[in-house]
Amino acid sequence: MDLVDVDAWIPLTDASALARWRPGDAYVAGGTSLFSEPQPGVRRLLDLTALDWPPLVLHDDALEIGATCTLGTLAAAAGDPAPLLRLGGIHARPAVTFPGPWTFGPLVRSAVDALVASFKVWHDATVGGNVCLALPAGAMTSVLSALGTTVLLWSPDGTTRTTSVDALVTGVGTTSLAPGELVRAFHVPAGALVAPTAFLRASLSARGRSAAVVVARRTDDGAVVSVTGATARPYVLAFDLAPTRAGWHEALEQAIPEDAWLGDVHGATDWRRQQTHALGAGALRTIEALR
């Protein structure tokens, strides 16, 4: 879609250029959502791709995902990290060893598949854009919130701060980003990259929009579970010990307020709630079987 009110496209070439942000500006990377509908009030587009951030950087304690990393590049991490390191623009600092099989890639591939998007979208849509859209069915929000991801934010005044994914996304289409603030990168802890995980979703049709998504990750003695799709914002439940089935249902009811459950053409409220209960029980059962 043509954004007829936009009168300037400005490439940002270094961090100091963020100081040029002003009301009426919008950051653009992949643009798959930005150009899909009218953007009233947007007068200038600030191009983040000109900053040339590396899409993926393997550190000794975390995987850094650049906000402009495309979903296609991230999905290419499936299997084991060796192919990932051979992709153009991928870096490792220093050489990295992992305490177990790389599970992050298959998890991401499941999430990207859940978008029901074409390969063209995969190669343009970005991880940062998917999270910052704050859609209930945001696939990257589901995965990154379950993995204990830290988000690095940049402000126009040159300051930075960090937050979590579930604190960044505050509601349907809303975030905790301040005016002009943007996501620079996501840091996924190394332990989460190799932890046993399960990704389960429910939809009214086989290739329909996700109505409920649960991602579970096994920890040393317990589990972490993210709930998205069925709720207005992501909820992360942490268990010190692996919960019983009854314990899971009780914890879910206590964690999510009544008014947080969604209902629309993608699924009725009570159905989505019931599906989340069932998906969570199944996901926990799956990761426990791998203990």
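Before reading on, note that the structure itself is shown above.
So, here is what we can say about the structure in this document.

Each value, and the rule that gives it
Residues numbered from 1 in each chain as written. Predicted model: local features only at pLDDT ≥ 70, side-chain atom pairs only at ≥ 80, totals over all residues. Heavy atoms only, no water. Helix = DSSP H or I, 4+ residues; strand = E, 2+ residues; numbered from the N terminus. Buried < 20%, exposed > 50% of the residue type's maximum accessible area, 1.4 Å probe, protein only. Polar contact = N/O pair within 3.5 Å; in protein donor to acceptor, adjacent residues only side chain to side chain. Phe/Tyr/Trp six-rings, centres within 6.5 Å; stacked < 30°, edge-to-face > 60°. Lys NZ or Arg CZ within 6 Å of the ring centre and 35° of its normal. 1 Å grid on protein atoms, 1.4 Å probe; cavity = no way out; pocket = protein on both sides within 12 Å on 5 of 7 lines; lining within 4 Å. Points joined across faces, edges and corners; volume = space filled by probe spheres on them. Nonpolar A, V, L, I, M, F, W, Y, C, P; charged D, E, K, R; others polar.

Section: the side chain of arginine 272
- Relative to the assigned elements, arginine 272 resides in helix α10 (residues 269-289).
- With a relative accessible area of 2%, arginine 272 lands in the buried category.
- Side chain to side chain, arginine 272 and aspartate 264 meet in a polar contact 3.3 Å long.

Some remarks on the packing of aromatic side chains
- Using the criterion set out here, one finds two aromatic pairs in the structure.
- Ring centres of tryptophan 53 and tryptophan 154 lie 5.6 Å apart, and the angle between their planes is 90°; this geometry places the pair in the edge-to-face category. In this pair, tryptophan 53 is assigned in the loop between β3 (44-47) and β4 (56-59) and tryptophan 154 in strand β7 (residues 150-154), connecting sequence segments 101 residues apart. Of the two residues examined, tryptophan 53 and tryptophan 154, each falls in the buried class.
- Over the aromatic face of tyrosine 235 sits the side chain of arginine 233, whose NZ or CZ is 4.4 Å from the ring centroid.

Considering the layout of surface pockets
- The computed volume of the largest pocket comes to approximately 1400 Å³.
- Looking at the largest pocket, it is lined by 45 residues, and the ones nearest its centre are Ser33, Leu34, Gly129, Cys132 and Leu133.
- Secondary-structure elements contributing two or more residues to the lining of the largest pocket are β2 (25-28), α5 (127-132) and β11 (182-189).
- Tallied by class, the residues present in the lining of the largest pocket amount to 24 nonpolar, 16 polar and five charged.

Just distances and angles here, no functional claims.
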